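# Descriptive analysis of the structure
Chain by chain, the residues:
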Amino acid sequence: AMVHETMSLDRGDDVDFDSVADRLVEMAADAAGAHAAEQGSARVVREGSFGVLPATLATPLAMCLSELLLNAAEHSGAHHIELGASRSGRELRAWVSDDGQGMAGQGEENATSGLGLQIVRALVGDQLAGHLQWDETARGTRIVIDTRIP
């Protein structure tokens, strides 16, 4: 519903994306709580500031981050999930990281073959004109979206 609310904005509107991000964090925390019996409860936090973004960027970004956060909350087995942002001029970096099990060596192509992550890849490339980076370490997964604010 929150993503749909963001999508309903006029294309000329600006969005305080920090408030959107806070709602995404709450949604992911709720999803993690629903899966707590299976994998333990995850703490979901936001770091950094997105600031004010144009609706043309906010809508696809909200859709991407929603999918990434829900995947982490529902599938990673993480104890800590972070939604982060940093800005430098017109450059925006957003990330979702977790300390979960990762994709068990599947590699980025196999790990992102699900429909939701295919949509994220398409949105980042087409609507955000950005770059998607996927890093797996022994300490979890970090997915980074780099884009430019119009």
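In this report, the structure presented in the accompanying data block is examined. Every value quoted in this text rests on a predicted model; they were computed, and no experiment measured them. (Residues numbered from 1 in each chain as written. Predicted model: local features only at pLDDT ≥ 70, side-chain atom pairs only at ≥ 80, totals over all residues. Heavy atoms only, no water.)

What follows concerns the packing of aromatic side chains. To describe a pair of aromatic rings, one takes the distance between the centres and the angle between the planes. Counted under the stated rule, the structure contains 1 aromatic pair. For the cation-ring pair, Arg142 lies above Trp95, with the distance from its terminal atom to the ring centre recorded as 4.7 Å. (Phe/Tyr/Trp six-rings, centres within 6.5 Å; stacked < 30°, edge-to-face > 60°. Lys NZ or Arg CZ within 6 Å of the ring centre and 35° of its normal.)

Turning to the sheet that holds strand β7 (residues 140–148), a few remarks are in order. Ordered in space as β2-β4-β5-β7-β6, the 5 strands form an open sheet in which the pairing is mixed. Each edge of the sheet is formed by a strand with only one pairing partner; in this case those strands are β2 (43–47) and β6 (131–137). Strand-to-strand, the axes of this sheet are offset by a mean angle of 10°, without reference to chain direction. Alignment of strand β5 (residues 91–98) against β7, held across 8 bridges, turns out to be antiparallel. Within β7, the residue paired with Ser97 across the bridge is Arg142. Its contacts with the sheet put helix α2 (residues 17–34) on β2 and β4 (80–88), and the angle it makes with β2 is roughly 170°. (Pairing = 2+ DSSP bridges. Helix = DSSP H or I, 4+ residues; strand = E, 2+ residues; numbered from the N terminus. Axes fitted to C-alpha atoms, helices over the stretch in contact; angles between N-to-C directions. Contact = heavy atoms within 4.5 Å.)

This part is about α2. The end-to-end C-alpha distance of α2, which contains 18 residues, comes to 26 Å, matching closely the 26 Å that a straight helix rising 1.5 Å per residue would cover. Along α2, the residues classified as buried are Phe17, Asp18, Val20, Ala21, Leu24, Val25, Ala28, Ala31 and Ala32. For α2, the arc enclosing every buried residue in end-on projection is 150°, short of the 170-degree limit, so these residues lie on one face. For α2, the exposed residues set more than 90 degrees away from the buried face come down to Glu26, Asp30 and Ala34. (Expected span 1.5 Å × (residues − 1). Buried < 20%, exposed > 50% of the residue type's maximum accessible area, 1.4 Å probe, protein only. Arc of directions from axis to C-beta.)

What follows covers unusual backbone geometry. In this model, Ala129 sits at a positive phi of 45°, which is unusual for a non-glycine residue. The topology assignment puts Ala129 in the loop between α6 (115–126) and β6. On the basis of relative accessible area, Ala129 is assigned to the exposed category, the value being 63%.

A complete count under the given rule lists 4 salt bridges for this structure. A salt bridge links Arg46 to Asp18, with the shortest nitrogen-to-oxygen separation between them at 3.3 Å. Here the residue Arg46 occupies a position in strand β2, and Asp18 occupies one in helix α2, the gap between them amounting to 28 residues. Arg46 gets classed as partly exposed once you look at its relative accessible area, which sits at 25%. Salt bridges sharing partners connect three or more residues here, namely Asp18, Asp22 and Arg46. (Salt bridge = Lys/Arg side-chain N within 4 Å of Asp/Glu carboxyl O.)

Quick look at the nonpolar core now. Counting 41 residues, the largest nonpolar core has Phe17, Phe50, Leu61, Leu65, Ile81 and Ile145 as its most contacted members. Among the elements of the structure, α2, α4 (55–75), β4, β5, α6, β6 and β7 are those that each provide at least two residues to this core. Broken down by element, this core gets its largest block of residues, 11 residues, from α4. Among all residues touching Phe50, those that are not within four sequence positions of it are Phe17, Asp18, Ala21, Leu61, Leu65, Leu83, Gly84, Ala85, Arg87, Leu92 and Ala94. (Core = buried A, V, L, I, M, F, W, Y, C linked by side-chain atoms within 4.5 Å.)

This part is about α6. Between its first and last C-alpha atoms α6 spans 16 Å; for 12 residues at 1.5 Å apiece the expected length is 16 Å, and the two agree. Of all the positions in α6, only Gly116, Leu117, Val120, Leu123 and Val124 are classed as buried. Looking straight down α6, one finds its buried side chains confined to an arc of 120°; they lie on one side. Relative to its buried face, α6 has exposed residues pointing more than 90 degrees away, namely Leu115 and Asp126.

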